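A look at the structure
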Amino acid sequence: MFSNGGIVVSEVEASVNGLMGVLRWRAQTEGDRDVFRWLSAFGEVEDSETFRGLYEKARTVSATLGAISDSGTVAVAVRRSLWFQRVFAGCLLAGRVVVPLPPIIEASGYSVSERFVAILLHCLPKILVVSECDKGLALRLLQERGLSADCKVVAAEELVNGSASNERYVPNDLDSVAYLQYSSGTTGSPKAIEISNRNLVANMRAVRQYAELFSDAVGVSWLPMEHDMGLVAGMMIAIYSGCLIYGMSPDDFAKHPERWMKWMSERRATHSIAPNFAYGIAAARCSEQLAVSLDLSHLRVVLCGAEPIDSMTLETFGARFARSGLRQTALFPCYGLAEATLFVTGGPVGAGVRKIAVDCDKLAEGELVEAASEGGTEVVSSGAVEAGSTVRIARFEKGGQGVALDEGGIGEICVAGDNVSRGYWGDHVSTLNTFGWEIEGDHERFLRTGDVGAVKDGQLYVTGRIKDMMIVRGRNYFPDDIEKSLRRDLPILRGRRLVVFQNAKNLICCFVEEVIETDGSADVPGPAPDGDDEAGSMLRSGIERSVAQRYGLHVADVRVIPAGSLPTTVSGKVIRTGLEDRISRLGVGENDE
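In terms of helices and strands, the chain carries 18 helices and 27 strands. Put simply, the chain has 593 residues, and 57% of those count as buried. Once local pairs closer than 6 in sequence are excluded, the contacts in the chain between residues at least 24 apart make up 70%. Within the structure as shown, the chain displays about 23900 Å² of accessible surface, and the carbon and sulfur contribution to it stands at 48%. Here the chain contributes 61 positively and 78 negatively charged side chains, and the mean placements of these two sets differ by 3 Å.

With that settled, consider the packing of helix α11 (residues 276-285) against helix α13 (residues 311-322). Put simply, α11 and α13 touch, their axes get as near as 9 Å, and they point 40° apart. Classified by the angle their axes make, α11 and α13 are oblique. Crossing hand, α11 versus α13: left-handed. Between α11 and α13, the residues in contact are Asn-276, Tyr-279, Gly-280, Ala-282 and Ala-283 and Thr-313, Thr-316, Phe-317, Arg-320 and Phe-321, respectively.

Consider a sheet: its strands pair through backbone hydrogen bonds, and that pairing is either parallel or antiparallel. Reading across from one edge, β25-β26-β27 is the order of the three strands in this open sheet, with mixed pairing throughout. If you trace the sheet from one side to the other, it starts and ends with β25 (498-502) and β27 (555-561), each paired once. Pairs of neighbouring strands in the sheet enclose a mean axial angle of 15°, with direction left out of account. Of the strand pairs in this sheet, β25 and strand β26 (residues 508-513) are connected by five bridges, and their pairing is antiparallel. Looking at β26, one finds that Val-500 is bridged to Cys-510. Against the sheet, helix α16 (residues 479-489) touches β25 and β26, its axis set at about 140° to β25.

Turning our eyes to something else, we now look at the confidence of the model for the chain. On average, residues of the chain score 88 in pLDDT, and 90% of them are at 70 or above. This model gives residues 1-5 a pLDDT under 50, and the stretch forms 10 contacts once residues within four places in sequence are excluded. Under a pLDDT of 50 for its full length, residues 518-531 has, in the predicted model, 32 contacts with residues more than four places off or in other chains.

Across the junction of Gly-347 and Pro-348, the peptide omega takes the value 5°, indicating a cis bond. Considering the arrangement of structural elements, one finds Pro-348 in the loop between β14 (343-346) and β15 (355-358). Phi is positive for Leu-124, which is not a glycine, with a value near 45°. With respect to the element layout, Leu-124 can be found in the loop between α4 (114-123) and β5 (127-130). Positive phi values are uncommon outside glycine, yet Thr-341 reaches one of about 75°. Tracing the backbone through its elements, the reader meets Thr-341 in the loop between β13 (331-336) and β14.

Our next topic: the nonpolar core. With 119 residues, the main nonpolar core has Tyr-179, Trp-260, Met-261, Phe-317 and Phe-321 as its most contacted residues. For this core, the element with the most residues is helix α8 (residues 228-241), which contributes 10 residues. Sequence-distant contacts of Phe-321, defined by excluding residues within four places in its chain, comprise Met-261, Ala-282, Ala-283, Cys-286, Ala-291, Leu-294, Leu-296 and Leu-326.

Geometry of an aromatic ring pair is reported as the spacing of the ring centres plus the angle between the planes. Under the criterion given, the structure shown has 13 aromatic pairs. Relative to Phe-435, the ring of Tyr-424 has its centre 5.2 Å away and its plane inclined at 70°; by these criteria the two rings are edge-to-face. One end of the pair, Tyr-424, is in the loop between β19 (411-416) and α15 (428-434); the other, Phe-435, is in the loop between α15 and β20 (437-438), and 11 residues separate them in sequence. The exposure classification of Tyr-424 matches that of Phe-435, with both residues buried. Summarising the aromatic geometry, the rings of Phe-501 and Phe-511 are spaced 5.1 Å apart at their centres and angled 80° between planes, so their arrangement reads as edge-to-face. Of this pair, Phe-501 sits in strand β25 while Phe-511 is found in strand β26, placing the two residues 10 residues apart along the sequence.

Moving on, we get to α11. Along α11, seven of the 10 residues are buried, which leaves the element largely enclosed by surrounding structure. Considering only its buried residues, α11 is in contact with α9 (250-255), α10 (257-266), β11 (271-275), β12 (301-305) and α13.

Moving on to the side chain of Ser-196. Mapped onto the elements, Ser-196 comes out in strand β8 (residues 192-196). With sequence-adjacent residues up to four places away left out, Ser-196 is seen in contact with Leu-174, Asp-175, Ser-176, Val-177 and Ala-178.

Assignment of secondary structure puts Thr-345 in strand β14. On the basis of relative accessibility, which here comes to 0%, the residue Thr-345 falls in the buried class. In terms of polar contacts, Thr-345 uses its side chain to reach the backbone carbonyl oxygen of Ser-382, at 2.8 Å. Among residues more than four places away in sequence, those in contact with Thr-345 are Cys-334, Tyr-335, Ser-382, Gly-383, Ala-384, Val-385, Ala-387, Val-391 and Leu-460.

Together, Glu-370, Asp-406, Glu-407 and Asp-457 line one region of the surface with negative charge. Exposure remark for Glu-370: the relative accessible area of 44% places this residue in the partly exposed category.

Among the five residues that make up β25, four are buried, leaving the element largely enclosed by the rest of the structure. Between β25 and β26, which pair antiparallel in sequence order, lie five residues; one of them, Asn-506, sits at a positive phi of approximately 65°.

Here the focus is the pattern of salt bridges. Counted by the stated rule, this structure contains 29 salt bridges. In this structure, the salt-bridge partner of Glu-315 is Arg-488, at a minimum N-O distance of 3.8 Å. Placement of Glu-315 in helix α13 and of Arg-488 in helix α16 is noted, with a sequence separation of 173 residues between them. Residue Arg-488 is classed as partly exposed on the basis of its relative accessible area, which comes to 29%. We note a salt bridge from Arg-392 to Asp-442, for which the minimum N-O separation is 2.7 Å. Residue Arg-392 is located in strand β17 (residues 390-396), and its partner Asp-442 is located in the loop between β20 and β21 (445-456); the two are separated by 50 residues in the primary sequence. Take Arg-392: its relative accessible area is 29%, and that puts it in the partly exposed class. Through salt bridges with shared partners, one network takes in Asp-47, Glu-49, Lys-57 and Arg-86.

A few words now on the pairing of β17. Counting buried positions along β17 yields five of seven residues, so the element is predominantly enclosed. As judged from the five bridges shared by β17 and β19, these two strands associate in the antiparallel manner. The residue bridging Ala-394 from the neighbouring strand is Glu-412, located in β19.

Bringing α16 into the picture now. Most of α16 is tucked away: nine of the 11 residues are buried. Of the residues making up α16, those classed as buried are Pro-479, Asp-480, Asp-481, Ile-482, Glu-483, Lys-484, Ser-485, Leu-486 and Arg-487.

About the cut-offs
Residues numbered from 1 in each chain as written. Predicted model: local features only at pLDDT ≥ 70, side-chain atom pairs only at ≥ 80, totals over all residues. Heavy atoms only, no water. Helix = DSSP H or I, 4+ residues; strand = E, 2+ residues; numbered from the N terminus. Buried < 20%, exposed > 50% of the residue type's maximum accessible area, 1.4 Å probe, protein only. Contact = heavy atoms within 4.5 Å. Areas by Shrake-Rupley, 256 points an atom, 1.4 Å probe, with all protein chains shown as cover. Lys, Arg positive; Asp, Glu negative; His and termini not counted. Charge placed at Lys NZ, Arg CZ, Asp CG, Glu CD. Axes fitted to C-alpha atoms, helices over the stretch in contact; angles between N-to-C directions. Parallel < 35°, antiparallel > 145°, perpendicular 65-115°, else oblique. Left-handed = near helix turned anticlockwise from the far one by under 90°. Pairing = 2+ DSSP bridges. pLDDT = per-residue confidence, 0-100. Core = buried A, V, L, I, M, F, W, Y, C linked by side-chain atoms within 4.5 Å. Phe/Tyr/Trp six-rings, centres within 6.5 Å; stacked < 30°, edge-to-face > 60°. Polar contact = N/O pair within 3.5 Å; in protein donor to acceptor, adjacent residues only side chain to side chain. Patch = residues over 30% accessible without salt bridge, like charges linked within 9 Å, V, L, I, M, F, W, Y side chains within 5 Å. Salt bridge = Lys/Arg side-chain N within 4 Å of Asp/Glu carboxyl O.

Printed below as a string of structure tokens:
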């Protein structure tokens, strides 16, 4: 680990010259130390990069970009490898606004990514950087879309191995836009969030401090680089804190999630970060025999965020890998969003999972009150609110300033601090609706997150999203809470995707995906005969009974739908917009018996 002096120097470098100033300093002081290593599908290191190597390649990329075009946005859609990190660092060093894109081809390998096309048409880059093997496809795509005259396609390998040189180092302007992070688009079209160099440095400082992610840390990440969690926690933090990150393909994780756990064991990882769903999948797909063979005793911090946190998922994960030496105190639920760069609340390290059972009636009335008896719904703490940002819970009148709520009051989660973006690229209306809000008695300007929750005993509890909230007889109900309760009440639902929502007729609906067969690598339930037979009827009646008993609500439409039908974001959140129409097009009728 660095001495305190080393940490102070990097802090000063970051506060004056930004993240690329830190990279330059590390290249000069510890240049031969690896910062990134890339793992093949077999777990072998097939590529690596030192601090000096990364900085020198970034300089080459910076100079080559300038020779191609001296201004304009640069979009990076490089296949999973370290070529992304090299190109992205070069764009940051050049002071160009850079946009991380998903690969051109969908994971299935058969079609062009709709998200890639949508972001490309929105940001209209001057340069599009792709993998060498995708260059021909990218050129054809730009021609079809009428963009070929204004956008130059360049292979990542050409940029990194170019002959251009740039001897002069120019520090980044901390208030300039470093990159555009596109939102996941769970409730509409993705928006381009402007992340400045100052935002990035402020958030890196908080992550390092509150997750204790120092230079001796080791991580293994499968997270996609176009996602805020993958970009910040899988790349930026390594440069900032001096730690070592092993990268693996998201496709490898999707096909063989147990490899993630195996490689964390083999590489003696100290930190892990992933969405809630990933920990559930890892626990389900790792057999008892494999779990016993792993050594996870060195894992100090297991960060879980990016979507609603389910205590049962973390309990299952913790129990599965306790035999691998995983400490329950290592579990680290946290909260964040791309509009605040990444991290907002979490910790402290060593606290483990904090949860409380709350009164369902009080929850519907807008209060977080612990249940006096059994029958409450569990909510999980997303960590300490004093973790580098200012967090307030507020209620807003239409068009007016917010009113801060007392402890336990449920309202909109609002965030202020240097890590908060200044707005959406080219979208003035959405920026005004989301950023720069006033809360009575507070001097700061706040980001309205759209998430709902409460603060209790210094901990943040997230209960749902405003756009997902269901209003029945004047009371508020959150689908996430109902979904968690269903999984706890009905064991057959554990490990399965399901969604509760209110349709256009204001009826409560619940869609449950069928169980998919596994390859037998883990002791998890096999396919359940829950389609149109007696088991399906029992499942439907169980869901109706559970929701009625806990919340006093009638579920009017329960459907068992094919596995994989629920559309999700990269982080596993269900895309609720147009959900009912999408499912209906699959031919699964209402209460299809």
